[in-house]
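# A structural walkthrough
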Amino acid sequence: MRALALLALVVAVGCRAQTSEPAPVPARAADSVGQSLAPRAATRAFSQEGAVAYQEGPASADGTGRTYLGREIAQVMSHRGAAWLERPDREREERPAVLVRALDLAPDDVVADLGAGTGYFTFRLAPLVPDGRVFAVDIQPEMLRIVEDRATTEGFANVAPVLGSETSTGLRPQSTDLTLVVDAYHEFSHPREMLTSIYQATRPGGRLVLVEYRAEDPDVPIKPLHKMTEAQARLEVEAAGFQFVENLGVLPQQHLLVFERPAE
Ligand SMILES: C[S@@+](CC[C@H](N)C(=O)[O-])C[C@H]1O[C@@H](n2cnc3c(N)ncnc32)[C@H](O)[C@@H]1O
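Notes on the structure in this doc start here. Remember, it's a predicted structure, so these values are computed and weren't measured experimentally. (Residues numbered from 1 in each chain as written. Predicted model: local features only at pLDDT ≥ 70, side-chain atom pairs only at ≥ 80, totals over all residues.)

### A word on the overall build of the protein
Along the protein, the regular secondary structure elements total 8 helices and 14 strands. Counting across all 264 residues of the protein, residues that qualify as buried make up 41%. In the protein, the proportion of contacts linking residues at least 24 apart, taken out of those at least 6 apart, comes to 68%. (Helix = DSSP H or I, 4+ residues; strand = E, 2+ residues; numbered from the N terminus. Buried ≥ 20, exposed ≤ 12 C-beta atoms within 10 Å, placed from the backbone. Contact = placed C-beta atoms within 7 Å.)

Written out as structure tokens, the structure reads:
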């Protein structure tokens with residue numbers, strides 16, 4: 001009940017995601033090689049707010065058939081695969097401690113962990129911002145219940161679950177110093193709207209950090225639609241007004257792409 005009450009407080013208006021099974025388990029061999037690098041032929045374009053944003057075509061394995069700027073959007077990972085996010089091997093595979101250290105957070109930073117899932121990163125960020133806050137944003141209430149339960153059990157007073165929507169973070173304008181999106185952006189059904197929403201929620205001079213498995217590297221054993229190239233990520237994020245700062249390149253399998261909302 002407590003979790004539901006909290007969610008009601010922070011709920012953002014919007015539709016729930018269509019989720020899919022199973023979780024994006026690593027693929028091996030043939031299907032891990034660069035299929036997503038080439039733009040897909042789209043069979044039907046549809047417009048939003050007068051501009052053609054997305055195109056629809058046949059869905060490939062693990063895909064939605066929906067294309068944005070030449071990239072097919074992946075299916076949303078269901079909360080039923082939550083255990084995969086907390087797998088013990090993840091520490092070795094992804095080096096989360098290296099990632100979090102590279103963010104160079106100030107103690108009073110306000111951070112959004114967007115597409116937070118079980119809060120794998122939320123609870124690594126929270127101790128680093130004792131005078132700030134971590135908003136754990138997700139579109140699946142089941143994920144946020146996991147976050148809320150852990151925050152309560154372990155006494156994390158600066159963690160706030162936020163139910164976003166497919167088109168909005170649900171965060172207040174210019175309220176964040178940093179938005180971290182780990183292994184989630186590629187499955188946003190409305191990336192253009194989400195980037196606009198992230199931009200609005202970021203204070204001028206604040207950062208967006210995107211972490212995605214490297215699609216340029218065939219040795220990264222993840223299904224193609226769950227990887228992204230740096231070029232594709234920059235194409236999409238820069239189109240929303242963010243400036244590219246750098247690719248920190250400190251992770252074994254993922255890009256660590258830093259963008260900034262220009263100072264006004
Ligand atoms: C693969 S999980 C990654 C979770 C977490 N970032 C991690 O690294 O452990 C992706 C998460 O993104 C969420 N998600 C998908 N679309 C979203 C959106 N538009 N806004 C917020 N979260 C979204 C899904 O519900 C899912 O929990």
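Resuming the write-up.
### A closer look at the environment of Pro58
With respect to the helices, strands and loops of the structure, Pro58 is situated in the loop between β3 (51-56) and β4 (63-68). The class of Pro58 is exposed, set by 11 C-beta atoms lying within 10 Å. Separated by 14 residues in sequence, Pro58 and Glu72 have C-alpha atoms that sit 10.0 Å apart.

### Notes on the site of the ligand
Near the ligand lie 23 residues; those nearest to it are Gly115, Gly117, Tyr120, Val182 and Ala184. Of all the secondary structure elements, the ones that give two or more residues to the shell around the ligand are β6 (76-77) and β8 (133-138). (Near = placed C-beta within 6 Å.)

### A look at unusual backbone geometry
Of note, Arg95 is a non-glycine position whose phi angle comes to about 50°, a positive value. Locating Arg95 in the fold gives a position in the loop between α3 (90-94) and α4 (96-102). Residue Asp104 is not a glycine yet carries a positive backbone phi of 50°. Mapping Asp104 onto the fold places it in the loop between α4 and β7 (110-114).

### Overview of helix α7 (residues 191-201)
Buried within α7 are the following residues: Pro191, Met194, Leu195, Ser197, Ile198, Tyr199 and Ala201. Check the buried side of α7 and you find it contacts β4, β7, β10 (176-182), β11 (202-214) and α8 (230-238).

### A few points about the environment of Thr122
Relative to the helices and strands, Thr122 is located in helix α5 (residues 122-125). Since 26 C-beta atoms lie within 10 Å of it, Thr122 is described here as buried. Through-space distance from the C-alpha of Thr122 to that of Ala136 is 6.3 Å; in sequence the pair is 14 residues apart. Discounting chain neighbours no more than four positions away, the residues touching Thr122 are Asp113, Ala116, Val134, Ala136, Val147 and Val159.

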